[in-house]
Amino acid sequence: MDLVKVYLVQSITTAANNLRLNPQQIEVVGLLRETIVNASDLGDELLLMKKTTELSKLAIRLSEIHSFLIQGKVDFVRISEQFREHSRYLIRDLNQFLESVSPKIYKDAFSKINNGPATAIDVELVDRSNLAGEILVQNGSTNVKKIINENNSNKYSSIDIEKKILSPVKSLDEILKKLSSGNVTDKELMHYSELMKEHALLADAHEFNLIAKMHEIVASALDAVYKGNLLVDKKLIESLRACLIVIVAVVKRKDVDITGYLNRAEEFGNKYFNKNIQV
């Protein structure tokens with residue numbers, strides 16, 4: 001086993017030893033360690049896990065540690081201190097993960113991963129040091145309603161789907177920037193609300209559950225603003241932009257830490273729309 005896998009497995013074990021686990025949870029920890037040990041390409045495996053609702057939040061944390069280890073920034077003088085810090089961060093995430101994931105759920109999630117379509121997306125987060133910065137995407141031309149109506153068998157191009165999902169992100173980000181000053185028309189609000197609802201259906205049909213939830217939150221929020229049921233303030237704007245950042249990062253499978261944005265989106269969705277994001 002290579003050193004990166006050893007480090008991750010031992011971090012998980014150390015975190016688990018700080019929790020009171022029942023037999024099922026111990027089994028899940030064993031399955032997680034087995035996944036890491038047996039992965040032919042650990043980076044790719046973690047990226048696929050990040051796209052699955054049940055695994056994504058823990059996968060984000062593990063991917064963050066993995067990136068730290070492979071980018072050659074390890075200070076071997078402080079390695080023990082860094083290991084303790086990573087293990088400490090994992091305790092909370094692992095505890096939440098084990099509260100909602102049984103052995104069956106874990107195995108079913110990997111069954112979806114193994115049987116799901118390969119993905120290739122042409123999207124870029126320009127400023128990696130500040131994910132809240134400008135998001136650039138390339139426009140897609142596929143009609144989402146046509147895709148859903150004419151391809152019930154899900155035998156359509158995953159590239160077209162992903163381009164379609166990501167196509168409005170840049171323009172919607174501009175709408176959010178104008179929203180606080182009131183320079184957005186009702187027509188624009190309804191247009192993007194309906195568009196995000198359609199894209200939520202598309203993501204859900206392709207079992208991109210986390211992405212679907214992010215779209216549902218944005219769609220519900222824009223609809224509530226249009227109806228005058230939700231006050232436009234800084235927190236609203238930041239929460240909706242967090243949803244967009246999560247969408248782009250997960251679809252693009254960017255190896256960056258989006259935990260803060262995911263938590264913000266989850267808190268906002270639960271508070272206003274009861275969108276419980278189980279990640």
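One numbering rule holds for all chains: residues counted from 1, following each sequence as written. A pLDDT threshold of at least 70 governs which residues receive local features in this predicted model, and a stricter bar of 80 or more applies before side-chain atom pairs are shown or counted, although totals over entire chains, interfaces and linings include all residues. Side-chain metrics in this entry use all non-hydrogen atoms of the structure; hydrogen atoms and water are not considered.

## As for the nonpolar core
Line of reasoning, step 1. What is meant by a nonpolar core is a set of buried Ala, Val, Leu, Ile, Met, Phe, Trp, Tyr and Cys residues, joined one to another through side-chain atoms within 4.5 Å. Between buried and exposed lies partly exposed: a residue is buried under 20% and exposed over 50% of the maximum accessible area for its type, with that area taken using a 1.4 Å probe on protein chains only. In terms of nonpolar packing, the biggest core is built from 48 residues, with Met214, Leu240 and Ile247 touching the most fellow members.
Line of reasoning, step 2. Only DSSP runs of H or I reaching four residues or more are called helices, and only runs of E reaching two or more are called strands; each is numbered from the N terminus. Listing elements by their share of this core, those giving two or more residues are α8 (158-166), α9 (169-179), α10 (186-205), α11 (209-226), α12 (234-252) and α13 (259-272).
Line of reasoning, step 3. Ranked by size, the runner-up nonpolar core spans 33 residues in total, among them Leu58, Phe83, Phe97 and Phe110.

## Considerations on the pattern of salt bridges
Line of reasoning, step 1. Counted as salt bridges are all cases of a side-chain nitrogen of Lys or Arg within 4 Å of a carboxyl oxygen of Asp or Glu. One pass over the structure, following the stated rule, counts 13 salt bridges.
Line of reasoning, step 2. Put simply, lysine 107 and glutamate 27 hold a salt bridge, and the shortest N to O gap is 4.0 Å. Taken together, the residues lysine 107 in helix α6 (residues 103-115) and glutamate 27 in helix α2 (residues 23-38) connect sequence positions 80 residues apart.
Line of reasoning, step 3. The class for lysine 107 is partly exposed, based on a relative accessible area of 46%.
Line of reasoning, step 4. Note that aspartate 93 is salt-bridged to arginine 61, the shortest N-O span being 2.7 Å. Taken together, the residues aspartate 93 in helix α5 (residues 79-100) and arginine 61 in helix α4 (residues 56-70) connect sequence positions 32 residues apart. Assigned by exposure class, aspartate 93 and arginine 61 land together as buried.

## Digging into helix α3 (residues 42-50)
Line of reasoning, step 1. Within the sequence span of α3, burial applies to Leu42, Gly43, Leu46, Leu47, Met49 and Lys50. Down the axis of α3, the smallest arc covering the buried residues is 160 degrees, so these residues share one side.
Line of reasoning, step 2. Distance and chemistry together define a polar contact, namely a pair of N or O atoms within 3.5 Å, with one atom able to donate a hydrogen and the other to accept it when in protein, and with adjacent residues in sequence counting only for side-chain atoms on both sides. With a side-chain oxygen positioned 3.2 Å from the backbone nitrogen of glycine 43, the residue opening α3 is aspartate 41. As used here, the arc is the angular range of directions from the helix axis to the C-beta atoms.

## Quick word on the environment of valine 184
Line of reasoning, step 1. Checked against the element boundaries, valine 184 lands in the loop between α9 and α10.
Line of reasoning, step 2. Once the C-alpha coordinates of valine 184 and tyrosine 226 are considered, the two residues, 42 residues apart in sequence, prove to be 9.9 Å apart.
Line of reasoning, step 3. Only heavy atoms enter the contact rule, under which two residues are in contact if any of them lie within 4.5 Å. Not counting residues up to four positions away in its chain, the partners in contact with valine 184 are Ile175, Lys178, Leu179 and Leu189.

## Some details on the side chain of histidine 86
Line of reasoning, step 1. Relative to the helices and strands, histidine 86 resides in helix α5.
Line of reasoning, step 2. Discounting chain neighbours no more than four positions away, the residues touching histidine 86 are Tyr7, Ile65 and Phe68.

## Observations concerning the packing of α11 against α12
Line of reasoning, step 1. Throughout, an axis means a line fitted to C-alpha atoms (over the contacting stretch in the case of helices), and angles, computed between N-to-C directions, take values from 0 to 180 degrees. One can describe the packing of α11 onto α12 by two numbers: an axis separation of 9 Å at closest approach and a directional angle of 155 degrees. For the element pair α11 / α12, the angle class is roughly antiparallel. Two packed elements cross with a definite hand, and for α11 against α12 that hand is left-handed. In contact with Leu210, Ile211, Met214, His215, Ile217, Val218, Ala221, Leu222 and Val225 of α11, α12 contributes Leu236, Leu240, Cys243, Val246, Ile247, Val250 and Val251.
Line of reasoning, step 2. Gly is put with the polar residues, along with every residue not named as nonpolar or charged; the nonpolar set is Ala, Val, Leu, Ile, Met, Phe, Trp, Tyr, Cys and Pro, and the charged set is Asp, Glu, Lys and Arg. The residue inventory of the contact of α11 with α12, partitioned by class, reads 15 nonpolar, 1 polar and no charged. Relative orientations are named as follows: roughly parallel for angles under 35 degrees, roughly antiparallel for angles over 145 degrees, roughly perpendicular for angles from 65 to 115 degrees, and oblique for any other angle. Rotating anticlockwise by less than a right angle from the far helix to the near helix defines a left-handed crossing, while the corresponding clockwise rotation defines a right-handed one.

## Considering the packing of aromatic side chains
Line of reasoning, step 1. When the centres of two rings from Phe, Tyr and Trp lie within 6.5 Å, Trp using its six-membered ring, the rings pair. Their planes under 30 degrees apart give stacked, over 60 give edge-to-face, and anything left gives tilted. Under the definition given, this model contains 4 aromatic pairs.
Line of reasoning, step 2. Their ring planes at 90 degrees and their centres at 5.3 Å tell us that tyrosine 7 and phenylalanine 83 sit as a pair that is edge-to-face. Residue tyrosine 7 is found in helix α1 (residues 3-17), and its partner phenylalanine 83 is found in helix α5; the two are separated by 76 residues along the sequence.
Line of reasoning, step 3. The exposure class assigned to tyrosine 7 is buried, which follows from its relative accessible area of 10%.
Line of reasoning, step 4. When its relative accessible area of 18% is taken as the criterion, phenylalanine 83 is described as buried.
Line of reasoning, step 5. Relative to phenylalanine 110, the ring of tyrosine 106 has its centre 5.0 Å away and its plane inclined at 40 degrees; by these criteria the two rings are tilted.

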